[in-house]
Amino acid sequence: REREDADFASVWRIMMERLQKIIAARGLCSRRQAEKWIEEGRVRVNGNTAHLGDTADVTEDVIEVDGKRLPKAGKKLYLMLNKPRGYVTTLSDEKGRKNAAELVSGCGVRVYPVGRLDMDSEGLLLFTNDGEFANLMMHPKHEVDKVYRVWVTNFAPEKLEALAEPIELDGYMIKKPRVKPVRMEPTRAIIDVTIHEGRNRQVRRMCQAAGLEVARLKRISEGALRLGELKTGCWRELEPREIELLLKD
């Protein structure tokens, strides 16, 4: 009898999952965003307002976000977009600016961006409805190398050394970046900068600290993933091997 009770308790624990994990797995948002929704009182379980740390059984409990029941689990999708300049990557923008999510709306399911590219930047941007994947990719411990191609003015060769030095941003000392000149002219240059973090406008702020002015900034790779010849404003699904390599990085 005790063994049966223990087995039942074990199965019950497996069925019960953290609410933020359940919401993220259904493709509504990342786990971090789901935690914010719970804290804001937007999530209810069986009619009761949920709290951070609550668990639920997706097979038995009624889970609602903003009064709407969670969608059923569907196909997990992983996309790469070549984001144009002039598009924001937030899911909602009070200023009514163009949103990068509009460019992938034809994929057939609701997806959201994995990380960000600021409005004036372009290039590789991932989208998914897999909350666990998004959570892993954005976690500080999952340091995926990101390469940015930067067109700069006010250039001088000695500024490359300054750009390659780690600096403090928002109270955090970034890791030493890799800097590779692609083309150098007397006052202009094209430089590939590899960073390991994703601080707000990090590459732009690094260039500013080195005395360089950014004319154009494009993310060309993330981990083993390359933007390649994907046209601006277009997207494609990731191949299984690409997803596997991203998770290994």
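**Quick word on helix H4 (residues 131–138)**
The complete set of buried residues in H4 reads Gly131, Phe133, Ala134, Asn135 and Met137. The residue sitting at the N-terminus of H4 and contributing the capping side-chain oxygen is Asp130; that oxygen lies 3.1 Å from the backbone nitrogen of Glu132.

**Some thoughts on the pairing of strand E14 (residues 188–195)**
The element E14 is extensively covered by neighbouring structure, given that 7 of its 8 residues are classed as buried. Pairing geometry for strand E10 (residues 146–153) and E14, over 8 bridges, is antiparallel. The residue bridging Arg149 from the neighbouring strand is Asp192, located in E14. Inspection of the sheet shows strand E13 (residues 178–184) paired to E14 by 6 bridges, in the antiparallel sense. Bridging from a neighbouring strand, Arg183 pairs with Ile190 of E14.

**What about the nonpolar core?**
Within the largest apolar cluster, 29 residues are counted, with the highest numbers of intra-cluster contacts made by Phe127, Val150, Val152, Leu163, Ile191 and Leu212. Element by element, the count of residues in this core is highest for E14, at 4 residues. Among all residues touching Leu212, those that are not within four sequence positions of it are Val152, Thr153, Asn154, Phe155, Lys159, Leu163, Ile191 and Cys207. Within the second largest apolar cluster, 16 residues are counted, among which are Leu126, Met137, Ile243 and Leu246.

**Thoughts on the packing of aromatic side chains**
Throughout the structure, instances matching the rule amount to 1 aromatic pair. Ring geometry for Tyr78 and Phe133: centres 5.0 Å apart, planes at 75°, overall edge-to-face. Taken as a pair, Tyr78 in strand E7 (residues 78–83) and Phe133 in helix H4 lie far apart in primary sequence, 55 residues in all. Judged by its relative accessible area of 4%, Phe133 is buried. In this structure, Arg199 packs its charged tip against the face of Tyr172, placed 4.6 Å from the ring centre.

**Structural notes on the sheet that holds strand E6 (residues 68–69)**
Taken together, the 4 strands give an open sheet; going across it, the order is E3-E2-E5-E6, and neighbouring strands pair in antiparallel fashion. Each end of this open sheet is capped by a strand with a single partner; those strands are strand E3 (48–49) and E6. Sheet analysis places strand E2 (residues 43–45) next to strand E5 (residues 63–65), joined by 3 bridges and oriented antiparallel. Looking at E5, one finds that Arg44 is bridged to Glu64.

**As for helix H3 (residues 31–39)**
Turning to H3, its buried residues number three or more, namely Ala34, Trp37 and Ile38. Buried residues along H3 cover an arc of 100° about the axis, so they all sit on one side. Buried positions along H3 lie against helix H2 (19–25), E2 and E5.

**Quick look at the pattern of salt bridges**
If you walk through the whole model with that rule in mind, you get 18 salt bridges. The residue Arg31 makes a salt bridge to Glu132 at a minimum N-O spacing of 2.4 Å. Of this pair, Arg31 sits in helix H3 while Glu132 is found in helix H4, placing the two residues 101 residues apart along the sequence. Across the pair Lys75 and Glu237 runs a salt bridge whose closest N-O atoms are separated by 3.9 Å.

**Digging into the environment of Glu197**
Mapped onto the elements, Glu197 comes out in the loop between E14 and helix H6 (202–209). Exposure remark for Glu197: the relative accessible area of 8% places this residue in the buried category. In sequence terms Glu197 and Lys146 are 51 residues apart; their C-alpha atoms lie 8.0 Å from each other. A distance of 3.5 Å separates the side chain of Glu197 from the side chain of Tyr172, its partner in a polar contact.

**Some words on the pairing of E7**
Counting buried positions over the 6 residues of E7 gives 6, a clear majority of the element. With burial as the criterion, each face of E7 is covered, one bearing Tyr78, Met80 and Asn82 and the other bearing Leu79, Leu81 and Lys83. Taken together, the 6 bridges between E7 and strand E9 (residues 122–128) define a ladder with antiparallel strand orientation. Among the inter-strand pairings, Met80 is bridged to a residue of E9, identified as Leu126. In this structure, E7 lies alongside strand E17 (residues 235–237), joined through 3 bridges in antiparallel fashion. Bridge pairing links Leu81 to Trp235 in E17.

The rules behind the values
- Residues numbered from 1 in each chain as written.
- Predicted model: local features only at pLDDT ≥ 70, side-chain atom pairs only at ≥ 80, totals over all residues.
- Heavy atoms only, no water.
- Buried < 20%, exposed > 50% of the residue type's maximum accessible area, 1.4 Å probe, protein only.
- Helix = DSSP H or I, 4+ residues; strand = E, 2+ residues; numbered from the N terminus.
- Polar contact = N/O pair within 3.5 Å; in protein donor to acceptor, adjacent residues only side chain to side chain.
- Pairing = 2+ DSSP bridges.
- Core = buried A, V, L, I, M, F, W, Y, C linked by side-chain atoms within 4.5 Å.
- Contact = heavy atoms within 4.5 Å.
- Phe/Tyr/Trp six-rings, centres within 6.5 Å; stacked < 30°, edge-to-face > 60°.
- Lys NZ or Arg CZ within 6 Å of the ring centre and 35° of its normal.
- Arc of directions from axis to C-beta.
- Salt bridge = Lys/Arg side-chain N within 4 Å of Asp/Glu carboxyl O.

From the geometry alone we can't say anything about function, so treat these as descriptive.
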